[in-house]
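Structural overview for review
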Protein chains: 2
Amino acid sequence: MIAKDLNTGAKMLRVVSINVNGLRSATAKGFFQWLENSGADIVCMQETRLQPHQWLEEHKPAGWHMHLCHAEKPGYSGTAIYSRHPFSSINNGLGFDICDTQGRFTAAEFYISDGPDSEGKTFVVASLYLPSGSSGDEAQARKDLFLQEMLVHFRQWREQGKSIIVCGDYNIVHKEIDIKNWKGNQKNSGVLPHERAWLDTLYDELGYVDAFRVHRPDTQEYSWWSNRGQAWANNVGWRIDYHVVSPDWRNRVANAFIYRDERFSDHAPVVIDYVL
Amino acid sequence: MIAKDLNTGAKMLRVVSINVNGLRSATAKGFFQWLENSGADIVCMQETRLQPHQWLEEHKPAGWHMHLCHAEKPGYSGTAIYSRHPFSSINNGLGFDICDTQGRFTAAEFYISDGPDSEGKTFVVASLYLPSGSSGDEAQARKDLFLQEMLVHFRQWREQGKSIIVCGDYNIVHKEIDIKNWKGNQKNSGVLPHERAWLDTLYDELGYVDAFRVHRPDTQEYSWWSNRGQAWANNVGWRIDYHVVSPDWRNRVANAFIYRDERFSDHAPVVIDYVL
DNA sequence: CCTCGCAAG
DNA sequence: CTTGAGAGG
């Protein structure tokens, strides 16, 4: 339960999405020190790359409610959600194999009380880790299948009128502004026309919103930089980590930024403040 | 060809044996910086763990003659001999499978000239990497088989009257003085009675000499420390790296020490000076 | 607990 | 180039 401020009737919710590229690695790089002072209320992680028996005290800071959704394969994939507010429920997976066995989707439901006299309402924050297609044709085929399956659920959520924030590593660049080297990557996985069209479908057809772009419509900012070469130093990046939100969240986006002052991973935290 | 000093009629030869636990790793830890100033004439390495295509300039300092004897399996086993003096010949392997396919034995022959009027003579310096038996019964069985095969060659060399220095990681402790924790390791591979008896056979029956003990009969010094726990810091070690020499070298040992001031590997260099 | 090769990103 | 598993030590 999240109680709104009784005076203002409003409350700010800071939600963070980050592909940690190994929660153990990110921990060693000071991720949890940053998190403590980040002001985050809810954090969606991807590529946690650890199983429950490897999820230690050092990965479980005091004052958080935490949920881990792990892959069957050790050291691979996985998502997690950490929250300052208690979950009212948690759901792992979406009922298709590659998603469920690889821990690529987990969703937390929260209940907001508007005050003692109100019924309140619920919303969902999900952590999604879309497969990479960059290692070859088979990987791309698996990614495409995942996109297809995923679209069914995005459509259903709209039909149900669900209030949802789907944070994640989508492994897809949306538009030219979202990547440094647009021309050179036209044929690379993550920039393929049918992948970008999939995002168009979410936004233009289903009405979802790229929350970062609500607040920053024109800035060229990235959320991922290759580890090869000097990509980070030269800011040769891609924006592939998003908060995809149902339409009811559009007018609630108060602030959005990508945190680049420290580096915990090859991805940067995408931080968005929402007015509840 | 090694020319003796024409005035004194003698020459010192510094021979080093070291298990480098990955020549690339040892290189990163400054092994070649040390080597340059070590005064070594001949260096026998074990566990080089690289194949010819991975043997780069950084592993080939100027002023040395070098020979690599690699395992078929990448990143595994292998021996090498580096020398300030040219080899007159090189021989890899000893004709049994585990030795030859894993690059566990290589021998360099040197020719010494006593002066313009003499015929001179030859001697052999070999680098031997005996298998570890510590990973289980099968590994121990392979080690035991290796010991058996190896004994044939040690015997033949004596029958041939060969002048030889067999440097190497023998993975066997000889006596109580050669290990810190004698009692606790009685049942562990490397300290087993039949392994130690094998060394007795070399020394007592065949007449080989543990060159280090010629110069240091009573010191408790080790050549290997486990990476686990605080073994190095607490000097909890084993002496398992030897110069096993034919009897003609006994009276030529001038100095012997194990170099512990720097750490290039889990093994330390065993340095012995011989009078030619 | 280290080194290396490997799969995956 | 990086993470992590796994073999081997």
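Under an unreviewed UniProt entry, the name given to chain A is Exodeoxyribonuclease III, and the organism recorded is Alkanindiges illinoisensis. UniProt lists a comment for chain A under the heading Sequence similarities (unreviewed entry), and it reads "Belongs to the DNA repair enzymes AP/ExoA family."

A count of helices and strands for chain A gives 6 helices and 15 strands. For 276 residues, the compact-globule formula gives about 19 Å, and the C-alpha radius of gyration of chain A, at 18 Å, lands near that figure. Classification of the 276 residues of chain A by burial places 55% in the buried group. Residue pairs at least 24 apart in sequence account for 68% of intrachain contacts in chain A once pairs closer than 6 positions are excluded. Carbon and sulfur atoms provide 46% of the accessible area of chain A, an area that totals close to 12100 Å². Positive and negative side-chain charges in chain A, numbering 29 and 34 respectively, have mean positions lying 5 Å apart.

Here we come to the protein's contact with DNA strand C. Taken together, 19 residues lie near DNA strand C, and Tyr76 and Arg228 of chain A together with Lys29, Arg49 and Gln54 of chain B sit nearest. Within 4 Å of the protein, the contacting atoms of DNA strand C are 81% sugar and phosphate, with bases supplying the remainder. One of the side-chain nitrogen or oxygen atoms of Tyr76 of chain A is found 2.6 Å away from a phosphate oxygen of DNA strand C.

Residues and elements named next belong to chain A. Among the structural elements, Glu221 can be located in the loop between α6 (211-215) and β11 (224-225). The exposure class assigned to Glu221 is buried, which follows from its relative accessible area of 16%. Within polar-contact distance, the side chain of Glu221 engages the side chain of Arg216 at 3.2 Å. Here Thr219 takes part through its side chain, which lies 3.1 Å from a polar atom of the side chain of Glu221. Sequence-distant contacts of Glu221, defined by excluding residues within four places in its chain, comprise Phe212, Arg216, Arg239 and Ile258.

Residues and elements named next belong to chain B. Taken across its 9 residues, strand β8 (residues 121-129) has 7 buried, putting it largely inside the fold. As defined by bridge partners, strand β7 (residues 105-113) adjoins β8 across 8 bridges and the pair is classed as antiparallel. Among the inter-strand pairings, Thr106 is bridged to a residue of β8, identified as Ser127. Of the crossover connections in this fold, the one passing from β8 over helix α4 (residues 137-159) to the parallel strand β9 (residues 164-169) is right-handed.

Residue and element names in this part refer to chain B. Note on placement: Cys167 falls in strand β9. Judged by relative accessible area, Cys167 falls into the buried class, the value being 0%. Filtering out sequence-adjacent residues up to four positions away, Cys167 remains in contact with Val15, Ser17, Cys44, Gln46, Ala126, Ser127, Leu128, Tyr242 and His243.

All names here are of chain A. The feature "active site" (unreviewed entry), as annotated in UniProt, sits at Tyr129, Asp169 and His267 in this numbering. In three dimensions, the annotated residues from a span of 139 residues occupy one location, with a maximal C-alpha spread of 12.6 Å. Note that Tyr129 resides in strand β8 (residues 121-129). Classification of Tyr129 as buried rests on a relative accessible area of 7%. Here Tyr129 is in contact with Asn19, Gln46, Glu47, Ser77, Gly78, Thr79, Arg104, Phe146, Asp169 and Asn171, once residues within four sequence places are set aside. Within the structure, Tyr129 has its side chain in polar contact with the side chain of Glu47 (distance 3.3 Å). You can see His267 is positioned in the loop between β14 (253-258) and β15 (270-275). Here His267 falls in the buried class, since its relative accessible area comes to 5%. Excluding its chain neighbours within four sequence positions, the residues that come into contact with His267 are Ile18, Asn19, Asp169, Ser223, Trp224, Trp225, Ile240 and Asp241.

All names here are of chain A. Strand order in the open sheet formed by 6 strands is β4-β5-β3-β2-β15-β14, with mixed pairing between adjacent strands. Edge strands, defined here as strands with exactly one partner in the open sheet, are β4 (65-69) and β14. Pairs of neighbouring strands in the sheet enclose a mean axial angle of 10°, with direction left out of account. By the bridge criterion, 5 bridges tie strand β3 (residues 42-46) to strand β5 (residues 79-83) in an arrangement that is antiparallel. Note on β5: the bridge partner recorded for Met45 is Ala80.

A separate point is the environment of Gly103 of chain B. All names here are of chain B. Residue position: Gly103 is located in the loop between α3 (97-101) and β7. Gly103 gets classed as buried once you look at its relative accessible area, which sits at 0%. Discounting chain neighbours no more than four positions away, the residues touching Gly103 are Cys69, His70, Ala71, Gly78 and Thr79.

Okay, the protein's contact with DNA strand D next. Neighbouring DNA strand D are 19 residues, the closest being Lys29, Arg49 and Gln54 of chain A together with Tyr76 and Arg228 of chain B. A share of 81% of the atoms of DNA strand D within 4 Å of the protein falls on sugar and phosphate groups. In the model, a phosphate oxygen of DNA strand D is placed 3.0 Å from a nitrogen or oxygen of the Arg24 of chain A side chain. Within the side chain of Gln54 of chain A, a nitrogen or oxygen atom sits 2.9 Å from a phosphate oxygen of DNA strand D. Its residues assigned to classes, the surface near DNA strand D shows 3 nonpolar, 8 polar and 8 charged.

Residue and element names in this part refer to chain A. The terminal C-alpha atoms of helix α4 (residues 137-159) lie 33 Å apart, and with 23 residues this matches the ideal 33 Å at 1.5 Å per residue to within 8%. Ala139, Gln140, Lys143, Phe146, Leu147, Met150, Leu151, His153, Phe154 and Trp157 are the residues of α4 that are buried. Of the surrounding elements, those touching the buried residues of α4 are α3 (97-101), β7 (105-113), β8, β9 (164-169), α5 (193-205) and β13 (241-245). Gly161, located one to two residues past α4, shows a positive phi value of around 65°.

What follows concerns the UniProt feature "domain: Endonuclease/exonuclease/phosphatase" (unreviewed entry) in chain A. Following the UniProt record, one finds the feature "domain: Endonuclease/exonuclease/phosphatase" (unreviewed entry) at residues 17-267 of chain A. Here residues 17-267 of chain A is 23% helix and 25% strand, with 10 Å between the C-alpha atoms at its ends.

All right, on to α5 of chain A then. All names here are of chain A. Looking only at α5, the buried set comprises Glu195, Arg196, Trp198, Leu199, Thr201, Leu202 and Tyr203. The elements touched by buried residues of α5 are α4, β10 (209-210) and β13. Looking one or two places after α5, you find Gly207, whose phi comes out positive at around 90°.

A few words on the sheet that holds strand β14 (residues 253-258) of chain B. All names here are of chain B. Strand order across the open sheet formed by 6 strands is β4-β5-β3-β2-β15-β14, with mixed pairing between neighbours. Every interior strand has two partners, whereas the edge strands, β4 (65-69) and β14, have only one. Averaged over all neighbouring strand pairs, the angle between strand axes comes to 10°, with direction disregarded. Pairing analysis gives 5 bridges linking β4 to strand β5 (residues 79-83), with the strands arranged antiparallel. In the strand pairing of β5, His65 is matched with Ser83.

What counts, and where the lines are drawn
Residues numbered from 1 in each chain as written. Chains lettered and ligands numbered in written order. Predicted model: local features only at pLDDT ≥ 70, side-chain atom pairs only at ≥ 80, totals over all residues. Heavy atoms only, no water. UniProt positions renumbered as here; feature names shortened; annotations may be inferred. Helix = DSSP H or I, 4+ residues; strand = E, 2+ residues; numbered from the N terminus. Rg over C-alpha atoms; globule rule 2.2 N^0.38 Å. Buried < 20%, exposed > 50% of the residue type's maximum accessible area, 1.4 Å probe, protein only. Contact = heavy atoms within 4.5 Å. Areas by Shrake-Rupley, 256 points an atom, 1.4 Å probe, with all protein chains shown as cover. Lys, Arg positive; Asp, Glu negative; His and termini not counted. Charge placed at Lys NZ, Arg CZ, Asp CG, Glu CD. Near = heavy atom within 4 Å. Polar contact = N/O pair within 3.5 Å; in protein donor to acceptor, adjacent residues only side chain to side chain. Pairing = 2+ DSSP bridges. Right-handed = clockwise from strand over helix to strand, strands pointing away. Axes fitted to C-alpha atoms, helices over the stretch in contact; angles between N-to-C directions. Nonpolar A, V, L, I, M, F, W, Y, C, P; charged D, E, K, R; others polar. Expected span 1.5 Å × (residues − 1).

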